[in-house]
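Given next are the chains, with one letter for each unit.
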Amino acid sequence: MLVERDISVILILAIVVGALLIGSDQLVKYWAVDYLKPKGSIEFIHFGKLKILDLTYVENDGAIFGSMSGQKWFLIGLTTVILILCAFYLVKYYKKSKLVTVSLFLFLCGGIGNLIDRIGKGYVVDMFEIKLFRFAVFNVADIFVSVAMVLLLLYALFSDFLKAKCNKKSDNPESEQK
């Protein structure tokens, strides 16, 4: 059982890690505005003629794949509501699953990173362009959100299986003696 001191340490650690994650997103975006914007696009990871990833400056005033373009206030409101619900769920259920906790934390950090841009600039700065196939240009905060969604999907798909396996193991006392 966690004591109050342990919760304080976890909270301080979460604030520090969150600030580092959000800060890394904002730092990369600052670099993109300062260095990449005047160039537009630069080659980044290429192997001979095989293009993997370029750095391309994009001002995205919409959501994923540029959807809802020009809907700044709607996107700010929607993002804020989603982040509040996410934070509420994180605080209320953080003991339930470490994987869900990490996922929600990454989702919050990514959402806050993009919300900072949307409020401050009216758009989100994107810079990573996958060249292997046609895909949206994205940023560090988008990576946090995407990783969070993959982790939540894995949890949703496999949590019942893992719980059943653990329950089966604890129901079989012979498995503990081996």
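Preceding this section is the structure that the text describes.
Everything quoted here is computed from the prediction, not taken from an experiment. (Residues numbered from 1 in each chain as written. Predicted model: local features only at pLDDT ≥ 70, side-chain atom pairs only at ≥ 80, totals over all residues. Heavy atoms only, no water.)

With that settled, consider the sheet that holds strand β3 (residues 124–130). The strand order across the open sheet formed by 3 strands is β1-β2-β3, and the pairing between neighbours is antiparallel. Two strands close off the open sheet at either side, each with one partner strand: β1 (41–47) and β3. Each strand of the sheet is rotated relative to its neighbour by a mean of 20°, with strand direction disregarded. In terms of strand pairing, β1 meets strand β2 (residues 50–60) through 6 bridges, oriented antiparallel. Pairing of I42 across the sheet is with L55, part of β2. On top of the sheet, helix α3 (residues 98–121) reaches β2 and β3; it is set at about 130° to β3, its chief contact. (Pairing = 2+ DSSP bridges. Helix = DSSP H or I, 4+ residues; strand = E, 2+ residues; numbered from the N terminus. Axes fitted to C-alpha atoms, helices over the stretch in contact; angles between N-to-C directions. Contact = heavy atoms within 4.5 Å.)

Close contact between helix α2 (residues 72–93) and α3 brings their axes to 10 Å; oriented N to C, the two are set at 155°. Classed by the angle they form, the pair α2 and α3 counts as roughly antiparallel. For the element pair α2 and α3, the recorded crossing hand is left-handed. In this structure, α2 uses K72, L75, I76, T79, T80, I82, L83, C86, A87, Y89 and L90 to contact α3, whose residues at the interface are V100, T101, L104, F105, F107, L108, G111, I112, L115, R118 and I119. Its residues assigned to classes, the contact of α2 with α3 comprises 16 nonpolar, 4 polar and 2 charged. (Parallel < 35°, antiparallel > 145°, perpendicular 65-115°, else oblique. Left-handed = near helix turned anticlockwise from the far one by under 90°. Nonpolar A, V, L, I, M, F, W, Y, C, P; charged D, E, K, R; others polar.)

The subject of this paragraph is the environment of K121. By the element assignment, K121 lies in helix α3. In sequence terms K121 and E59 are 62 residues apart; their C-alpha atoms lie 9.3 Å from each other.

Our focus in this paragraph is a nonpolar patch on the surface. Where nonpolar side chains cluster on the molecular surface, the patch consists of F44, I45, F47, L50, I64, F65, L132, F133 and F135 and spans about 960 Å² of accessible area. Counting residues per element, the nonpolar patch draws most heavily on β1, which supplies 3 residues. You can see F135 is positioned in the loop between β3 and α4 (140–171). (Patch = residues over 30% accessible without salt bridge, like charges linked within 9 Å, V, L, I, M, F, W, Y side chains within 5 Å. Areas by Shrake-Rupley, 256 points an atom, 1.4 Å probe, with all protein chains shown as cover. Salt bridge = Lys/Arg side-chain N within 4 Å of Asp/Glu carboxyl O.)

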